[in-house]
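Structure at a glance
Spelled out, the chains give:
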Amino acid sequence: MASSRGSGQSRLSPFATAASRAAPGLRLAPMLPLLLLLLPASGGSRAFPRGAAGPPLNSPPLSIMGLMPLTDNVAKGSIGRGVLPAVELAIQQIRNESLLYPYFLDLRLYDTECDNAKGLKAFYDAIKYGPNHLMVFGGVCPSVTSIIAESLKGWNLVQLSFAATTPVLADKKKYPYFFRTVPSDNAVNPAILKLLKYYQWKRVGTLTQDIQRFSEVRNDLTGVLYGEGIEISDTASFSNDPCTSVKKLKSNDVRIILGQFDQNMAARVFCCAYHENMFGSKYQWIIPGWYEPSWWELAHSDGNPSTCLSKNLLAAMEGYIGVDFEPLSSKEIKTISGRTPQQYEKEYNDKRSDVGPSKFHGYAYDGIWVIAKTLQRAMEHLRSSNRHQRIQDFNYTDHKLGKIFLDAMNETNFFGVTGQVVFRNGERMGTIKFTQFQDSSEVKVGEYNAVADTLEIINDTIRFQGSEPPKDKTIIQEQLREISLPLYSILSALTILGMIMASAFLFFNIKNRNQKLIKMSSPYMNNLIILGGMLSYASIFLFGLDGSFVSEKTFETLCTVRTWILTVGYTTAFGAMFAKTWRVHAIFKNVKMKKKIIKDQKLLVIVGGMLLIDLCILICWQAVDPLRRTVEKYNMELFGCFLAWETRNVSIPALNDSKYIGMSVYNVGIMCIIGAAVSFLTRDQPNVQFCIVALVIIFCSTITLCLVFVPKLITLRTNPDAATQNRRFQFTQNQKKEDSKTSTSVTSVNQASTSRLEGLQSENHRLRMKITELDKDLEEVTMQLQDTPEKTTYIKQNHYQELNDILNIRNFTESTDGEKAILKNHLDQNTQLQWNTTEPSRSSQDPREDINSPEHIQRRLSLQLPILHHAYLPSIGGVDASCASPCVSPTASPRHRHVQPPFRVMVSGL
């Protein structure tokens, strides 16, 4: 190699001058050592390594136009300078193998300086002043490359790039003659898809810097993931400050983040991730892998602001996965040049000497081989077609030969140092590598072969910070929440006990249906209350049968059935209580006390009407919108509360269920409201929901049945005659508690009558005092008349009947119906107490000396009764003073005046 380089230097001057004349202004000084082997020597003589064969001395060259940045003051100039040693090796090996015999490659380099104007000028100068170039090799800077690639069709030139990765150039309609040996930035997306599937990540988010290069990759990734069962749950982008976008990803519970940003912004992104605690075992970052080595340190040195310490930044970066194309194949397989990728790398490092390496050198090396194989296939095509055209006769207007070059390029398929070299629509189907940041360094953990569409993860190299790969979201395991069998058993046992209690009440009600206490409380209605309670109990068994016990179809049927049973049971029980309370209200709120009979048949009609309304609603509901395993909440109306309040003070044991019914309604109403609300809030907890619903039903049904029947049972057991004994009853509204305890007063129907009652009580007291005075006067007259036997006999014979009539006046309210009979008995008790009351001090005296002895009373009544009959009885509700005879019944008198019980006047001393 040294001898050939020395001989080349002795022949450089004539070529350099010619090259300068051919391309004015081209700076070749930096490339002089390299061009010794790349360009032909003067006089046609060339030097080759010992033992190597080469083309004839007069072999014609096949010119290739090389476009790349080479100057030192251009950032990407290092790319061009770093690939030249690889290009030199490829050209040497192609010459040694006489692949293009009898031709040889003549690569002419033109510096584009990564400037659109200068690059375009270099392209036109090469066409104008240089030889007819068969192809274009190069293209590094995206802007320069896209301008030149768009004009290639007009020149019939095929371009092959080794470093332009921008996805824009993948548009074959716009760039039909453009090829590249390096995979585009979009080539990583199929690899990312394979990685996501490998770890079963189905929910990801993207974080993209607002630059066209990254936006295009993100858009292509969306298309790649579409239809693959992977959801992009959130798409965030940023220009300068990524923290807002990072917070947005966290708020949407994104765990797998696909980032597209440069290395300067990467430091800011991971700093924000550290502050948001978006790192560690729960998160996985996947970012570009083409950053420079130790890029995080370079980002700090470039003056980019960061609020993170180096250790915090490294902590957030730990475990991220980088995705990039593979510079060299890792397989130890001989390539088209007869060398393995590892052997080639060693030769390249030896060749470049002090020139900095470039990650694109392997793609430039394979690119020269692609051009050589394309030209070889073109020559074979020309020879096989019996055409007399030679390949060196190509010109920029020769469309046929340009089309041959284009077709030959698409047929490329060989194994190079970068892997299998295959084009699909001008795009390289290359190898993508995965690296992971581990302990402040990047480690290769896997690679993706685009040709075979396979992913290979290197064993025991990839490390996750948790015991397993991160989950793609907060795990929500769909699990059928079943009702606990022990809970169902306990509540079912309580339900059975409740039904046994209800059956006992039913037996008690039927057995004692002829007892006056039970008979007057409507035993048929009581039976309906018990039946409704038992239906409510029965619904609990159905509420506990969920999807774990029965099939889905059966569950929907049971859901409907339990709704019907609970609704009918509730309406039956409380409809019966409502009807009973209404009857009490209708009778005892009848101010005129007219005879009013409400039979059980009418109450049954009321209950039946309520059930009919419920059935209509349920049938319509089932027909229009049947239950489909959903829970609906309906507003409740508490019927019966008003009637229970109106009749709350009726104190007749046989009829007065109002107080207990009111307590039942209030109890059920409150429990249903609380139970419905809690049940709605615990829909996701079937055990809690079932427990609440069951306890509410059990509690309500049990309390209702106990309140209705336990008082009757206790009364019947302790005082069997309570039904036949008349008890004081009172009608009142807003009466004070102390007034209700007074035995001689009765509450009024409204507040105004209270003051009237006090006035009547005062008047009663005054009249009683006056009666006492009259009693003394009459007693003296009686004593005087006692001495006349004829008058005594007259009194005995003519006034005993009047006494009986007067005593019968108190029974004027007697009627045939049960309600009026109770009122009569109530008055009988008070009257009996008044007539039979005697003072103990007088009972011990001699009967002849006691003025209240039967003999004295007999004499006194002979004069008192006619006077009382005509003068006093009208004031207490008796006959009018104008009535002809006291024997006439008060109810038959047209002038009889009925006075309400609250206004009666009690007379003592008779």
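This report concerns the structure included in the present document.

Rules behind the numbers
- Residues numbered from 1 in each chain as written.
- Predicted model: local features only at pLDDT ≥ 70, side-chain atom pairs only at ≥ 80, totals over all residues.
- Heavy atoms only, no water.
- Disulfide = S-S within 2.5 Å.
- Helix = DSSP H or I, 4+ residues; strand = E, 2+ residues; numbered from the N terminus.
- Buried < 20%, exposed > 50% of the residue type's maximum accessible area, 1.4 Å probe, protein only.
- Salt bridge = Lys/Arg side-chain N within 4 Å of Asp/Glu carboxyl O.
- Axes fitted to C-alpha atoms, helices over the stretch in contact; angles between N-to-C directions.
- Parallel < 35°, antiparallel > 145°, perpendicular 65-115°, else oblique.
- Contact = heavy atoms within 4.5 Å.
- Core = buried A, V, L, I, M, F, W, Y, C linked by side-chain atoms within 4.5 Å.
- Phe/Tyr/Trp six-rings, centres within 6.5 Å; stacked < 30°, edge-to-face > 60°.
- Left-handed = near helix turned anticlockwise from the far one by under 90°.
- Nonpolar A, V, L, I, M, F, W, Y, C, P; charged D, E, K, R; others polar.
- Pairing = 2+ DSSP bridges.

**Things to note about the state of the cysteines**
Summed over all chains, the structure comprises three disulfides. Each disulfide pairs two cysteine sulfurs, and for Cys114 the partner residue is Cys141, the sulfurs being separated by 1.4 Å. Of this pair, Cys114 sits in the loop between β2 (104-111) and α5 (116-129) while Cys141 sits in the loop between β3 (135-138) and α6 (142-150); the two residues are 27 residues apart in sequence, bridging distant segments of the chain. Bridging Cys243 to Cys272, the disulfide has an S-S length of 1.9 Å. The disulfide joining Cys243 to Cys272 has a torsion of about -65° about its S-S bond and is therefore left-handed. Placement of Cys243 in helix α10 (residues 243-251) and of Cys272 in helix α11 (residues 263-275) is noted, with a sequence separation of 29 residues between them. By sequence-ordered numbering of the bonded cysteines, the chain has its disulfides arranged as 1-2, 3-5, 4-6. With no disulfide partner, Cys616 has as its closest neighbouring cysteine sulfur the one in Cys620, 6.5 Å distant. According to the relative accessible area criterion, Cys620 is partly exposed, its value standing at 48%.

**Side note on the pattern of salt bridges**
Taken as a whole and judged by the stated rule, the model has 22 salt bridges. With a shortest N-O distance of 3.6 Å, Glu468 and Lys471 are connected by a salt bridge. Several salt bridges converge on common partners, so that one network encompasses Glu326, Lys331, Lys444 and Glu447.

**Quick word on the packing of helix α19 (residues 523-543) against helix α21 (residues 600-624)**
Between α19 and α21, the least distance of the axes is 9 Å, while the angle of their chain directions is 25°. The orientation of α19 with respect to α21, classified from their angle, is roughly parallel. Together, Tyr524, Met525 and Leu528 of α19 and Asp600, Leu603, Leu604 and Val607 of α21 make up the contact between the two elements.

**Section: the nonpolar core**
By size, the foremost hydrophobic cluster in this structure holds 105 residues, and its most contacted members are Phe137, Phe162, Leu375 and Ile391. If you tally residues by element for this core, the top one is helix α15 (residues 361-384), at twelve residues. In this structure Phe162 touches Met68, Ile79, Val83, Phe137, Gly138, Val140, Thr181, Val182, Phe360, Tyr363 and Ala364, once residues within four positions along its chain are discounted. Core analysis: the second largest hydrophobic core is formed by 30 residues, Met501, Tyr537, Ile540 and Ala586 among them.

**Quick look at the packing of aromatic side chains**
Within this structure, the stated rule accounts for 28 aromatic pairs. Ring centres of Phe270 and Trp295 lie 6.5 Å apart, and the angle between their planes is 40°; this geometry places the pair in the tilted category. Separated by 25 residues along the polypeptide, Phe270 in helix α11 and Trp295 in helix α12 (residues 295-301) bring together distant segments of the chain. Both residues of the pair, Phe270 and Trp295, belong to the buried class. With centroids separated by 5.2 Å and ring planes inclined at 85°, the aromatic side chains of Phe325 and Tyr363 adopt a geometry described as edge-to-face. Remark: Tyr363 occurs in helix α15 and Phe325 occurs in strand β10 (residues 321-325); sequence separation between them is 38 residues. Since its relative accessible area comes to 1%, Tyr363 is described here as buried. Put simply, the rings of Phe214, Phe270, Trp285, Trp290, Tyr291, Trp295, Trp296, Tyr320 and Phe437 touch in pairs and so form one group of aromatic residues.

**Here's the deal with the packing of helix α4 (residues 77-96) against α15**
The packing of two helices is summarised by the inter-axis angle and the distance between the axes. Axis separation between α4 and α15 bottoms out at 8 Å; the angle between their running directions is 35°. The two elements α4 and α15 cross, and the hand of that crossing is right-handed. Here Gly82, Val83, Ala86, Val87, Leu89, Ala90, Ile91, Gln93 and Ile94 of α4 lie close against α15, whose contacting residues are His361, Ala364, Tyr365, Ile368, Trp369 and Ala372. The residue inventory of the contact of α4 with α15, partitioned by class, reads twelve nonpolar, three polar and no charged.

**With respect to the sheet that holds strand β1 (residues 61-68)**
Read from one edge to the other, the open sheet built from five strands follows the order β2-β1-β3-β4-β5, with strand pairing classed as parallel. With partners counted over all chains shown, the strands left at the sheet margins are β2 and β5 (178-180), one partner each. Going from strand to strand, the sheet's axes swing by 25° on average, the running direction of each strand aside. Sheet analysis places β1 next to β3, joined by four bridges and oriented parallel. Bridging across to β3, Ile64 finds its partner in Met135. Packing against the sheet, α5 makes contact with β1 and β2, and its axis sits at approximately 165° to β1. Across the face of the sheet, α15 comes into contact with β1, β2, β3 and β4 (158-161) while running at roughly 170° to β3.

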